[in-house]
Amino acid sequence: MVADGGVVVLSGAGLSTESGIPDYRGPSGRRRPSSPMTYQDFTGSAAARRRYWARSHLGWRHIERARPNPGHRAVARLQELGLVSAIITQNVDGLHQEAGAGDVIELHGSLYRVRCLSCGERTPRARLDARLSAANPGWAADATQVNPDGDASLDDSLIDGFAVVDCEGCGGLLKPDVIFFGENVPPPRVAECYTLSERAGLLLVLGSSLTVLSGYRFVRHAARHAVPVAIVNQGATRGDEHARLTLDAPLGDTLTNLVSRCPT
């Protein structure tokens, strides 16, 4: 199926677990305990923003150190071979690009950018990290858990004194350039993904349970347009009924083996 070309990859958090970034649900399909920030809470409460940035400042160290694993490198190689035409990722870790892939649509944005909610300016996350470190000298904490969105579990006593910084240009609120719960993916981005999924030779889902509609809708859309769907994931997925092939297997070894079998 992959060797026929025209493959559009739809990747999820399961592809990055071998890089040390945990997924949301694991093989059981049950969501791991976490309290994700909502857009409404973030914009409506200074305390919520302080909580988010303290936890994210700590979790960012873990995300920044993560490196592409064999699964990411295999996808980039399939693209280099001309078999993968586009990549839609639900991940915000930037590992596809670091592995050498291009034409990556970041459905939920990227933790590597920060956006001002007032003037719209986008700046590198590394710049914000340096500013937060300077604003909080001597602040030290250890993460007990890091989530796929870079949010780390942190004792409340370490959050109260954390100083948040605002946009250097206009003084507006800064937000990671990612889609929070309660926030919509920009319609043009969704439309592009619909177009890709209906024109694909194969929609290849990698490491996503497809539990949330954000990614699942493209699987349904592909199936409606008679585009074959193949799913490689550890555990069952919401999209299994639409797939011609499902494979419950680790991503790194499976994709590396796939590359070795494809024509070069």
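Look a little higher up for the structure.
Every chain's residues receive numbers from 1 upward, in the order its sequence appears when written. The predicted nature of this model means local features are confined to residues of pLDDT at least 70 and side-chain atom pairs, given and counted, to a pLDDT of 80 or more, with totals for whole chains, interfaces and linings taken over all residues. Side-chain metrics rest on all non-hydrogen atoms present in the structure, leaving aside hydrogens and water.

Even after reading the chapter, I still don't get helix H7 (residues 213–224), so can you show me in this structure?
Note: α-helices contain 3.6 residues per turn, so residues at a spacing of three or four share the same orientation. In this model H7 runs 16 Å from its N-terminal to its C-terminal C-alpha over twelve residues, within 8% of the 16 Å that 1.5 Å per residue would give. Looking only at H7, the buried set comprises Ser 214, Gly 215, Tyr 216, Arg 217, Phe 218, Val 219, His 221 and Ala 222. Whether two residues are in contact is decided by their heavy atoms: any pair within 4.5 Å suffices. Secondary structure counts use DSSP, requiring at least four H or I residues in a row for a helix and at least two E residues in a row for a strand, with both numbered from the N terminus. Those residues of H7 hidden inside the fold are in contact with strand E1 (7–11), helix H6 (187–199), strand E7 (202–206) and strand E8 (229–232). Just past H7, the residue Ala 226 takes up positive phi, approximately 60°. What a helix is expected to span follows from its residue count: subtract one and scale by 1.5 Å. Classification of residues uses two cut-offs on accessible area relative to the type maximum, computed with a 1.4 Å probe and protein chains only: under 20% is buried, over 50% is exposed, and between them is partly exposed.

How should the packing of aromatic side chains be read in this particular structure?
How two aromatic rings sit relative to each other is given by the distance of their centres and the angle of their planes. Centres within 6.5 Å make a pair out of two Phe, Tyr or Trp rings, where for Trp the six-membered ring is used; the pair is then stacked when the planes are under 30 degrees apart, edge-to-face when over 60, and tilted otherwise. Tallied over the entire structure, the rule returns eight aromatic pairs. Measuring from ring centre to ring centre gives 5.1 Å for Tyr 194 and Phe 218, while their planes differ by 70°; the resulting arrangement is edge-to-face. Placement of the pair is Tyr 194 in helix H6 and Phe 218 in helix H7, with a sequence separation of 24 residues. Residue Tyr 194 is classed as partly exposed on the basis of its relative accessible area, which comes to 26%. Each member of the aromatic cluster is reached from another via a ring pair, and the members are Phe 42, Tyr 52, Trp 53 and Phe 180. Comment: the charge-over-ring label is applied if NZ (Lys) or CZ (Arg) is within 6 Å of the ring centre and within 35 degrees of the ring normal. The lysine or arginine in question, Lys 175, covers the ring of Phe 180, its NZ or CZ lying 4.5 Å from the ring centre.

Honestly, the pairing of E8 in this entry has me stumped. Any pointers?
Looking down a regular strand, the side chains alternate between one sheet face and the other. Neither face of E8 is open: one carries Val 229 and Ile 231, the other Ala 230 and Val 232, and all of them are buried. At least two bridges found by DSSP between two strands is the condition for calling them paired. Across four bridges, E7 lies against E8 in parallel orientation. In the sheet register, Leu 204 faces E8, and the bridge partner there is Ala 230. Crossover handedness is defined by viewing with both strands directed away from the observer: a clockwise path from the first strand over the helix to the second marks the crossover as right-handed. The β-α-β motif built from E7, the intervening H7 and the parallel element E8 has right-handed crossover chirality.

Even after reading the chapter, I still don't get the packing of helix H3 (residues 70–80) against helix H8 (residues 251–261), so can you show me in this structure?
When two helices pack together, their arrangement is given by the angle between their axes and by how far apart the axes lie. In this description, a line fitted to the C-alpha atoms serves as the axis of each element, helices being fitted only across the stretch in contact, and the angle between N-to-C directions of two axes falls anywhere from 0 to 180 degrees. The geometry of H3 relative to H8 is characterised by a closest axis approach of 8 Å and an angle of 25° between their N-to-C directions. Between H3 and H8, the angle falls in the class roughly parallel. As H3 runs across H8, the sense of the crossing is left-handed. Side by side, H3 and H8 meet where Pro 70, Gly 71, Ala 74, Val 75, Arg 77 and Leu 78 of the first sit next to Gly 252, Leu 255, Thr 256, Leu 258 and Val 259 of the second. Under the scheme applied here, ten amino acids are nonpolar (Ala, Val, Leu, Ile, Met, Phe, Trp, Tyr, Cys and Pro), four are charged (Asp, Glu, Lys and Arg), and all others, including Gly, are polar. For the contact of H3 with H8, the residue count by class is seven nonpolar, three polar and one charged. Each angle receives one of four descriptions, namely roughly parallel if under 35 degrees, roughly antiparallel if over 145, roughly perpendicular if within 65 to 115, and oblique otherwise. For any pair of crossing helices, the crossing counts as left-handed if the nearer helix is rotated counterclockwise from the farther one by less than a right angle, and right-handed if it is rotated clockwise.

Worth remembering: the numbers are spatial, not functional.
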